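A structural walkthrough
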Amino acid sequence: ISPDFLKFCDYSNSPCGSPFAATSIAFSHDLEGIVVGSEDGIVRIFHHRDLRILSSFIPQSRGSSISCVAFTGSSAQVITGTGSAIGIWDVRTSSSSFSIVCSSEIASCDADGFVVCSGRNDGIVDIWDLRFPKQQLFANRVHSEIVWDVRFHRPSCHSLVSCSEDGSVMLWDFGGSKQTLETIEMFSFGANSVDIEQTRGLVASVSDSFHLSIRDT
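Everything quoted here is computed from the prediction, not taken from an experiment.

**Here's the deal with the environment of Phe57**
Take Phe57: it is sitting in strand β4 (residues 53-57). Exposure remark for Phe57: the relative accessible area of 6% places this residue in the buried category. Sequence-wise, Phe57 and Gly41 are 16 residues apart; in three dimensions their C-alpha atoms are separated by 8.7 Å. Excluding residues that lie within four positions of it along the chain, Phe57 makes contacts with Gly41, Ile42, Val43, Ile45, Val78, Thr80, Trp89 and Ser94.

**Observations regarding the sheet that holds strand β15 (residues 168-173)**
Taken in spatial order, the four strands make up an open sheet running β13-β14-β15-β16, and their pairing is antiparallel. Across the chains shown, the open sheet's two edge strands, defined by having one partner strand only, are β13 (147-152) and β16 (180-186). Sheet twist, expressed as the average angle between the axes of neighbouring strands with direction ignored, equals 20°. Summarising the sheet, β13 and strand β14 (residues 159-164) pair through five bridges and their orientation is antiparallel. Each bridged residue has a counterpart across the sheet, and for Arg151 the counterpart in β14 is Val161.

**With respect to the nonpolar core**
Ranked by size, the top nonpolar core spans 13 residues in total, and within it Ile79, Ile86 and Ile88 carry the most contacts. Elements with a contribution of two residues or more to this core: β5 (66-71), β7 (85-90) and β9 (106-112). Tallying contributions element by element places β9 first for this core, with three residues. Ignoring any residue separated from it by four or fewer positions in sequence, one finds Ile88 in contact with Gln77, Val78, Ile79, Ser95, Ser96, Ser97, Phe98, Ile100 and Leu130. Ranked by size, the runner-up nonpolar core spans 12 residues in total, among them Ile127, Val147, Leu160 and Met170.

**What about the state of the cysteines?**
Tallied over the entire structure, the rule returns one disulfide. Through a disulfide, Cys68 is tied to Cys109; the S-S separation comes to 2.4 Å. Looking down the S-S bond of the Cys68 and Cys109 bridge, the torsion is 125°, so its handedness is right-handed. Taken together, the residues span a long stretch of sequence, with Cys68 in strand β5 and Cys109 in strand β9 at a distance of 41 residues. The burial state of Cys68 is the same as that of Cys109; both residues are buried. Looking at Cys117, it has no disulfide partner, and the nearest cysteine sulfur is the one in Cys109, 7.7 Å off. Residue class for Cys117 comes out buried when judged on its relative accessible area of 0%.

**Re the packing of aromatic side chains**
Across all of its chains, the model carries two aromatic pairs by this definition. Ring plane angle 65° and centroid distance 6.1 Å describe the contact between Phe138 and Trp172, whose orientation is recorded as edge-to-face. Here the residue Phe138 occupies a position in strand β12 (residues 136-141), and Trp172 occupies one in strand β15, the gap between them amounting to 34 residues.

**Some remarks on unusual backbone geometry**
A positive phi angle, close to 60°, is found at Leu51, a residue other than glycine. In this structure Leu51 comes out as buried when scored by relative accessible area, which is 15%. In this structure, Ser94 is a non-glycine residue whose phi angle is positive, near 55°. Note on placement: Ser94 falls in the loop between β7 and β8 (95-101).

Calculation notes
- Residues numbered from 1 in each chain as written.
- Predicted model: local features only at pLDDT ≥ 70, side-chain atom pairs only at ≥ 80, totals over all residues.
- Heavy atoms only, no water.
- Helix = DSSP H or I, 4+ residues; strand = E, 2+ residues; numbered from the N terminus.
- Buried < 20%, exposed > 50% of the residue type's maximum accessible area, 1.4 Å probe, protein only.
- Contact = heavy atoms within 4.5 Å.
- Pairing = 2+ DSSP bridges.
- Axes fitted to C-alpha atoms, helices over the stretch in contact; angles between N-to-C directions.
- Core = buried A, V, L, I, M, F, W, Y, C linked by side-chain atoms within 4.5 Å.
- Disulfide = S-S within 2.5 Å.
- Phe/Tyr/Trp six-rings, centres within 6.5 Å; stacked < 30°, edge-to-face > 60°.

Okay, structure coming up:
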């Protein structure tokens, strides 16, 4: 690998004020920016080439840990999960566009175009259309415990995968008149993270017990 592609910057002594412990990270879809959420409640956007901080903002009162971050499809907005609120932020101005308050705490989130999904501490997965933020498209108690990760299958535009502390990895198709839900993996211990390969639809997931699974959907 060329050294040009190896980027590392130590922000344990952050130039933007204080050390921070990162909790989540996501690339922008144009690959120009990287958004990082942290335990100190600040969201920071870095330039992908030299890792300089482009902007930062605080979704709620400082001290509220950021549980998840994601860029929207246009990379013009950042989605954050803080407490029970999903925040939508304008990247250019670092200002809040609006927020969505749920009935339980947000643990994970992802975005695809105008559509946002969130996984909650009580096992519910929500889907929202940012063009109609007060109208929830779907809410389903997909899992029995906290939803650690959610990921859209972007080529299909109407399916996502989620994983939970209950050990289950679920594939959810919400594009037709009837929603379908399929368990594609069940770990003996909690499922911590999941991702879906966007071309073939391969789903990779990993559990508390270091078991790794790859499934063809």
